[in-house]
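Examination of the molecular architecture
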Amino acid sequence: MKEASEHRKLQLQELEEIRNDAYENSKIYKEKTKAFHDKMILRKQFEVGQKVLLFHSRLKLFPGKLRSRWIGPFIFANFFSLGTVEIQSLTINKAFKVNEHRLKPYYKGF
């Protein structure tokens, strides 16, 4: 009985070590994946007076197959704290405050 209990304790300790190793390997994998993902993110740099496009979020509700999800162009007017920016419409000369993540640079085609 004593030998069986000692053997069982050793098995449980080995199982605990395997579980700890798996936890550490998972942690290392997640750190490497996050570092790779963060390295691939491109930061957007906008300047005052630059033309930008605005993501049309309402289009998600009723998506059109060939509809563009971007509206504009707008003119980048001002930068506020925490990623808030002010853009100005070219057609009606009205200013809007939007999140910087909803913008992308506008490149005029040929």
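Refer to the preceding data block for the structure.
Residues numbered from 1 in each chain as written. Predicted model: local features only at pLDDT ≥ 70, side-chain atom pairs only at ≥ 80, totals over all residues. Heavy atoms only, no water.

When its secondary structure is counted, the chain shows one helix and five strands. The secondary structure elements of the chain, listed N-terminal to C-terminal, are α-β-β-β-β-β. A compact globule built from 110 residues should have a C-alpha radius of gyration of about 13 Å, whereas the chain, at 27 Å, is more than 25% larger. The dimensions of the chain, computed from C-alpha atoms along their principal axes, are 90 × 35 × 30 Å. Out of the 110 residues in the chain, the part that is buried amounts to 13%. A sequence separation of at least 24 residues applies to 39% of the contacts in the chain between residues at least 6 apart. Averaging the coordinates of the 22 positive side-chain charges in the chain and doing the same for the 12 negative ones gives two points 20 Å apart. (Helix = DSSP H or I, 4+ residues; strand = E, 2+ residues; numbered from the N terminus. Rg over C-alpha atoms; globule rule 2.2 N^0.38 Å. Buried < 20%, exposed > 50% of the residue type's maximum accessible area, 1.4 Å probe, protein only. Contact = heavy atoms within 4.5 Å. Lys, Arg positive; Asp, Glu negative; His and termini not counted. Charge placed at Lys NZ, Arg CZ, Asp CG, Glu CD.)

On to the pattern of salt bridges, then. Inspection of every chain in the model, using the stated rule, returns two salt bridges. The salt bridge partner of Glu 16 is Arg 19, with a shortest N-O separation of 3.4 Å. You can see Glu 16 and its partner Arg 19 sitting in helix 1 (residues 2-40), three residues apart, about one turn around the helix. By relative accessible area, Arg 19 is classed as exposed at 55%. (Salt bridge = Lys/Arg side-chain N within 4 Å of Asp/Glu carboxyl O.)

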